[in-house]
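Observations on the model geometry
The lines below spell out each chain.
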Amino acid sequence: MFSKFDIIVVGAGHAGCEAALASAKLGNKTLLITQNLNNIAQLSCNPAMGGVAKGQIVREIDALGGYSGINTDLHTMQFRMLNASKGPAMHSPRAQVDDITFPIGWRQKLENTENLSLWQDDVTSITTSQNKVTGVKTKLGITIKSSAVILTNGTFLSGRIHIGTTSFNGGRIGENNSENLTKCLVRLGFTSAKLKTGTPMRVDGRTINFPKLTEQKGDENPLQFSFLYKRKKSLKQRSCFIANTNLTVHDILRTGFKDSPMFQGRIQGRGPRYCPSIEDKIERFSDKDHHQLFIEPESNMTNLWYINGFSSSLPLDVQLKALKHIEGFEHAVIEKPGYAIEYDYFPPTQLKNTLETKEIQNLFFAGQINGTTGYEEAACQGLMAGINANQSIKNLEPFVLKRSEAYIGVLIDDLVTKGVDEPYRMFTSRAEYRILLRQDNADERLTEKGFNLHLADKVRMRNLEKKLKYRDNLISYIKTTNTSPDEVNNTLENLSTPKIANPTKIGNLLLRPQIDLNDLISTIPYLNDQVNKIPAGKRQEIISLAQTHIKYENYIQKEQETVERINKYEKLIIKDDFDYQSLKSLSFEAREKLSKIRPHTIAQASRISGVSPADISVLVLYISR
């Protein structure tokens, strides 16, 4: 029925969509298999993309030539830059997106991509020959051959849904799980384990008393994720709202603990530490008299609202009774229950840093199958797996991002080096080089790499080159041009910073924390004239970039120096068949961990828990010989 494909992608969540698109764009005959074509790119949990560190990942995906950023911008209902009052390393874009049109946008993109075919079916097993993948078998009894396979099964692997004492099989509520694939992979030599995640109930917005809630508007001048796509008209933003639980709500929720699948041990997998269920929060933080909830619209086409922070697997009657004691929800009507889902994942230390499995050649894992949580974490893994599947079958160099190059690099290195025992979520604190990995310079870091892969197009490269030219010209002008006391002292006084007595470089004034570059532009006519040479649509972006480079130049330089020192270890490659057990000067724990994880470089080895600096010194000495 099917001729052979170059790459098969299993699962059409965020990881699968990016993997399939990347594979096809790189010229591979690609097949995307999913259980239901109507459920492509579902926003299974909250209707949003981005957030702290996650927003940086979406911008990195976009810079490389992926589609998540563009699709987010096309379907944004509200945009906010989180942590805007903090330093630029902490700025994180986030968008509420329409959860009806967002998946449709992805489907339209996939169905109109050359080299890409879609097939509705359930993959039940992987076929192999001599430890190399040869294709897949499906529930319909079809065997489809391919040179590489990427598994992006999300929560569907042996997924089981829990609501109080009720439990049943499912990948999401209303959808079947995938029962047989885990057994196949275990037979092939892989180790599996279980994790748990959850989602809150959805409420009919007509039954919410919004005047009792605190309104949370979007940014006055909303930005966007994509470096390529530009909105043709101003964004009409929807508001979100803030509500709070209370002690009465907590007491009602506690009445359901006796039937809680989590507290009664019916759920074995660990849930996400940083996105706990509401029952977990009131148990762990019993001293708190309230917990904040974010009330978010799901779509411009429905009345459904998402109760962010109220995830629960308690009995449905307890969930509903507790909800009605939250101010503004006294008459709330729910349309979907909150539930927990337990599913299989495969500890990612079984992967290379390309996301190819160590056990089976040309078999790749991406997304929640690797123990991550979040659309953004999944999407970037899918993109990297799609790229590396292409590189592998064409005998090209693997594409690996360093920790100093991208949050994507941090995420994958954490997974394959440290593994996970709870759902992994990206935070800015996980990155050592946050000032280098800002959301505003993702294109500067990655677009040339994407262009060299033939994933990012010429338009992206031209945009980047123009942007850097405008930025560097402005930085040079600011650093070399003087301003006089008469021109700026009134502004300096108004900003509560000392006046100047002599002509001073504009760049030196900008180093003062009280001063924003826009203050000086509005004060110094010739600086304003220089800025007006920048196209209006790019002006504020260039101003922001120039200011960041000048204000944080010393910090940027120090991080770059640190990166250069670490990179010498990144260049020390360890062969895949290196015999750690023969090096008796290594500690027993180091030999055990290194033999299991098989790091690719000395730098990766140094990040493995239990491998000491003394062990690294031994390895460096041996490898250097």
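What comes next is a walk through the structure. Since we're looking at a predicted model, the values are computed, not measured. (Residues numbered from 1 in each chain as written. Predicted model: local features only at pLDDT ≥ 70, side-chain atom pairs only at ≥ 80, totals over all residues. Heavy atoms only, no water.)

Here we come to the environment of Gly-69. The topology assignment puts Gly-69 in helix H3 (residues 68–74). Residues Gly-69 and Ile-573, spaced 504 residues apart in sequence, show a C-alpha to C-alpha distance of 34 Å. The contacts of Gly-69, once residues within four sequence positions are left out, are Val-58, Asp-62, Phe-225 and Ser-226. (Helix = DSSP H or I, 4+ residues; strand = E, 2+ residues; numbered from the N terminus. Contact = heavy atoms within 4.5 Å.)

Let us look at the sheet that holds strand E5 (residues 92–97). As summarised here, the arrangement of the three strands in space is E3-E5-E4, forming an open sheet in which the pairing is antiparallel. Each edge of the open sheet is held by one strand with a lone partner, namely strand E3 (48–50) and strand E4 (76–82). For this sheet the average axis-to-axis angle between neighbouring strands, irrespective of direction, equals 20 degrees. (Pairing = 2+ DSSP bridges. Axes fitted to C-alpha atoms, helices over the stretch in contact; angles between N-to-C directions.)

One way to see where empty space is left: roll a probe the size of a water molecule over the atoms. Throughout the structure, instances matching the rule amount to one cavity of 30 Å³ or more. Computed from the structure, the largest cavity encloses a volume of approximately 30 Å³. Forming the walls of the largest cavity are Phe-227, Asp-443, Thr-447, Arg-460, Asn-463 and Leu-464. For the lining of the largest cavity, the secondary structure elements donating two or more residues are helix H11 (442–452) and helix H12 (458–480). Sort the elements by how many residues they give to the lining of the largest cavity and H12 lands first, with three residues. For the lining of the largest cavity, the residue count by class is two nonpolar, two polar and two charged. (1 Å grid on protein atoms, 1.4 Å probe; cavity = no way out; pocket = protein on both sides within 12 Å on 5 of 7 lines; lining within 4 Å. Points joined across faces, edges and corners; volume = space filled by probe spheres on them. Nonpolar A, V, L, I, M, F, W, Y, C, P; charged D, E, K, R; others polar.)

This brings us to the nonpolar core. Core analysis: the biggest nonpolar cluster contains 102 residues, and Leu-151 and Ile-408 have the highest contact counts within it. Counting residues per element, this core draws most heavily on helix H9 (residues 375–393), at nine residues. Setting aside chain neighbours within four positions, we find Ile-408 in contact with Ile-57, Glu-60, Ile-61, Leu-64, Cys-380, Met-384 and Leu-401. (Core = buried A, V, L, I, M, F, W, Y, C linked by side-chain atoms within 4.5 Å. Buried < 20%, exposed > 50% of the residue type's maximum accessible area, 1.4 Å probe, protein only.)

This next bit is on the layout of surface pockets. Size it by volume and the second largest pocket reaches roughly 1,400 Å³. Every residue lining the second largest pocket is counted, 46 residues in all, and those nearest its centre are Met-81, Leu-223, Gln-540, Glu-541 and Ser-544. Listing elements by their share of the lining of the second largest pocket, those giving two or more residues are E4, helix H15 (517–523) and helix H17 (536–551). If you tally residues by element for the lining of the second largest pocket, the top one is H17, at twelve residues. Here the residues of the lining of the second largest pocket are counted per class, giving 18 nonpolar, 15 polar and 13 charged.

Quick look at the packing of aromatic side chains now. Under the criterion given, the structure shown has 13 aromatic pairs. Considering the side-chain rings of Phe-346 and Phe-365, the 5.7 Å spacing of their centres and the 55 degrees angle between planes classify their relative orientation as tilted. On the criterion of sequence distance, the pair formed by Phe-346 in the loop between strand E19 (339–345) and strand E20 (363–365) and Phe-365 in strand E20 is long-range, its members being 19 residues apart. With respect to class, Phe-346 is no different from Phe-365; both count as buried. Put simply, the rings of Phe-2, Phe-5 and Trp-119 touch in pairs and so form one group of aromatic residues. Note that Arg-59 overlies the ring of Phe-227, its terminal NZ or CZ placed 4.0 Å from the centroid. (Phe/Tyr/Trp six-rings, centres within 6.5 Å; stacked < 30°, edge-to-face > 60°. Lys NZ or Arg CZ within 6 Å of the ring centre and 35° of its normal.)

Once that is clear, we can look at the packing of helix H2 (residues 54–64) against helix H10 (residues 407–418). Between H2 and H10, the least distance of the axes is 9 Å, while the angle of their chain directions is 110 degrees. Between H2 and H10, the angle is such that the two are roughly perpendicular. Judged by residue contacts, Gln-56, Ile-57, Glu-60, Ile-61 and Leu-64 of H2 engage Tyr-407, Ile-408 and Leu-411 from H10. Taken together, the residues that form the contact of H2 with H10 break down as six nonpolar, one polar and one charged. (Parallel < 35°, antiparallel > 145°, perpendicular 65-115°, else oblique.)

Turning next to the side chain of Gln-530. Tracing the backbone shows Gln-530 in helix H16 (residues 525–531). Its relative accessible area of 16% is what places Gln-530 among the buried residues. Contact partners of Gln-530, with chain neighbours within four places excluded, come to Leu-474 and Tyr-477.

Moving on: the sheet that holds strand E18 (residues 334–336). In spatial order, the strands read E14-E15-E16-E17-E13-E18; together these six strands make up an open sheet with antiparallel pairing. Each of the sheet's edge strands pairs with one partner strand only, and the pair in question is strand E14 (214–216) and E18. When strand polarity is set aside, the average angle formed by the axes of neighbouring strands in this sheet is 35 degrees.

What follows covers H11. Note on helix geometry: an α-helix contains 3.6 residues per turn, so any two residues three or four positions apart are oriented the same way. Within H11, the full set of buried residues consists of Ala-442, Asp-443, Arg-445, Leu-446, Thr-447 and Gly-450. For H11, the angular spread of the buried residues around the axis is 165 degrees, confining them to a single face. (Arc of directions from axis to C-beta.)

Looking now at the pattern of salt bridges. Using the criterion set out here, one finds 33 salt bridges in the structure. Glu-60 is the salt-bridge partner of Arg-445, the closest N and O atoms lying 2.8 Å from each other. You can see Arg-445 sitting in helix H11 and its partner Glu-60 sitting in helix H2, a full 385 residues away along the chain. A residue is classified by how much of its surface remains accessible, and Arg-445, at 14% relative accessible area, is buried. The buried category is assigned to Glu-60, whose relative accessible area is 0%. Here the residues in one salt-bridge network are Arg-403, Asp-413, Asp-414, Lys-418, Glu-432, Glu-570 and Arg-607, joined through shared partners. (Salt bridge = Lys/Arg side-chain N within 4 Å of Asp/Glu carboxyl O.)

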